[in-house]
Amino acid sequence: MLHLYFAPLEGITTYPYRNLHHKYFGGVDKYFTPFLAPGPEQGMSVKEMRDVLPENNAGVPVVPQILTNRAGDFLLASKKLAEMGYREINLNLGCPSGTVTAKKKGSGFLLYPDDLDRFFDEVFSDASVRNGEFQISVKTRIGKNEVEEWPEIMEVYNRYPISELTVHPRIQKEFYKGVPHLDVFADILKESRNPVVYNGDLFTAEHMKKFREKFPTVENVMIGRGLIRNPALAELIKIEEAGVENAHVCVESETGNKETSSEQTGKTVPMSGNTGGNLMPRIRAFHDEIFEYYRETMSGDRNLLFRMKDLWSYMLEEVPDSEKLAKKIRKSQHVPEYLAAVDEAFAGWERTF
Ligand SMILES: Cc1cc2nc3c(=O)[nH]c(=O)nc-3n(C[C@H](O)[C@H](O)[C@H](O)COP(=O)(O)O)c2cc1C
């Protein structure tokens, strides 16, 4: 059965976004937090703690992600997170940002397989990990400078019981450009002793269909930008996967769980959140609630609109002929101007569903 994970996006998928996404849409099995970068003494910052506090994530399946190259810091933060109830902690070995990689963190750590090995050795020898208090998953690129680095990195991963290895098949230098190295991903799939999750450039249900045809054994897939572009994407993919067409009917199952079902086939797709109904009003309501949340919690139109413009830089990909609109949204300085442009964007988007 296909499982879909919402990728972490720093500055976007913090807890308000995750909560509201989960409230409005189904189809996501796990939400990963943007990376937390705990220090040796101070641990997590106040802002980072807020993102993972159980009361801020109630009812949402969340996996916290940590960015570090120090086993001690990783373990300290993981134990704190385990005390809060988290059972999976994800290690970031993919971040391509120059300031991160220069410190030998994120995908910068991949250039040092021996150090990575020592890191994992210390982490997996710790009693808390051996006792199964929490599992450790990894999100990785396939190398720092060269694609050829991956076999040595894989050897390290294969020595440890990583619960899931999410592979974004690009090297650091490529950031998010070009085409993911699916040939390398195919090799990793063969070589990995640990369960593999695919991540990269799946923006539509059609992309996912093609990916599933090419890699029918991959049951776990992580999506980032595609879900920001179209927040209903996971739900649409799950519906398509089950062979349920035109299935926008919301039913309560006998167990009380929400399911989307088709009157034609009777097949059901278990959903983690609120599902059913016409998608556009839900996307609009989702947008409006995010907007209201940031309006109440951020100071000034400038900060608020900066956040919202960032979201639209992805969402406008779903709106046909949106160049002029993009300019309008980008240039809006005040809420009324912004909302007028957004009304137009939603009217255009409606045509694509
Ligand atoms: C703005 C932005 C912020 C990101 N922040 C994180 C992060 O905090 N942790 C992480 O592991 N990956 C991060 N990523 C990478 C995404 O999780 C994901 O791997 C990447 O976007 C490729 O997947 P996609 O093609 O489905 O978007 C970020 C990507 C973007 C574009």
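My aim in this report is to walk through the structure given alongside it, one point at a time.

What counts and what doesn't
Residues numbered from 1 in each chain as written. Predicted model: local features only at pLDDT ≥ 70, side-chain atom pairs only at ≥ 80, totals over all residues. Heavy atoms only, no water. Helix = DSSP H or I, 4+ residues; strand = E, 2+ residues; numbered from the N terminus. Contact = heavy atoms within 4.5 Å. Salt bridge = Lys/Arg side-chain N within 4 Å of Asp/Glu carboxyl O. Buried < 20%, exposed > 50% of the residue type's maximum accessible area, 1.4 Å probe, protein only. Arc of directions from axis to C-beta. Expected span 1.5 Å × (residues − 1). Pairing = 2+ DSSP bridges.

**Some words on the side chain of His287**
Then, in step 1: With respect to the helices and strands, His287 occurs in helix α12 (residues 279-297).
Then, in step 2: Residue contacts for His287: discarding those within four places in its chain leaves Met308, Trp312, Met315, Tyr338, Val342 and Phe346.

**Looking at the pattern of salt bridges**
Then, in step 1: Evaluation of the coordinates by the stated rule reveals 22 salt bridges.
Then, in step 2: Here Lys30 makes a salt bridge to Glu88, at a shortest N to O gap of 2.7 Å. Of this pair, Lys30 sits in strand β2 (residues 30-32) while Glu88 sits in strand β5 (residues 88-93); the two residues are 58 residues apart in sequence, bridging distant segments of the chain.
Then, in step 3: Note on Lys30: relative accessible area 17%, which makes it buried.
Then, in step 4: Where Arg295 meets Glu292, a salt bridge forms, and the shortest distance between an N and an O atom there is 3.3 Å. One end of the pair is Arg295 and the other is Glu292, both in helix α12 and three residues apart, which spans about a single turn.
Then, in step 5: Among the residues examined, Glu292 registers a relative accessible area of 34% and is labelled partly exposed.
Then, in step 6: Connected via shared salt-bridge partners are Lys30, Glu88 and Glu164.

**Quick word on helix α9 (residues 205-214)**
Count 3.6 residues to each turn of an α-helix, and residues three or four apart come out pointing the same way.
Then, in step 1: Along α9, the positions that sit buried rather than exposed are Ala205, Met208, Phe211 and Arg212. Buried residues of α9, seen end-on, are gathered within an arc of 115 degrees and therefore sit on one face of the element. Exposed positions of α9 whose direction lies more than 90 degrees from the buried face are Lys210, Glu213 and Lys214.
Then, in step 2: Next to the buried residues of α9 lie β1 (3-6), α8 (182-191), β8 (196-199), β9 (220-223) and α11 (233-241).

**Looking at α12**
Then, in step 1: With 19 residues, α12 should reach 27 Å at 1.5 Å per residue; the first-to-last C-alpha distance of 27 Å fits that figure.
Then, in step 2: Those residues of α12 that sit buried are Leu279, Met280, Arg282, Ile283, Phe286, His287, Ile290, Phe291 and Tyr294.
Then, in step 3: For α12, the elements touching its buried residues are α1 (15-24), α11, α13 (300-315) and α15 (335-350).

**Quick look at the pairing of β8**
Then, in step 1: Residues Val196 and Tyr198 of β8 are buried on one face, and the alternating residues Val197 and Asn199, pointing to the opposite face, are buried as well.
Then, in step 2: Alignment of strand β7 (residues 165-171) against β8, held across three bridges, turns out to be parallel. Pairing of Val167 across the sheet is with Tyr198, part of β8.
Then, in step 3: Two elements, β8 and β9, share two bridges in a ladder whose sense is parallel. Residue pairing across strands places Asn199 opposite Met222, the latter belonging to β9.

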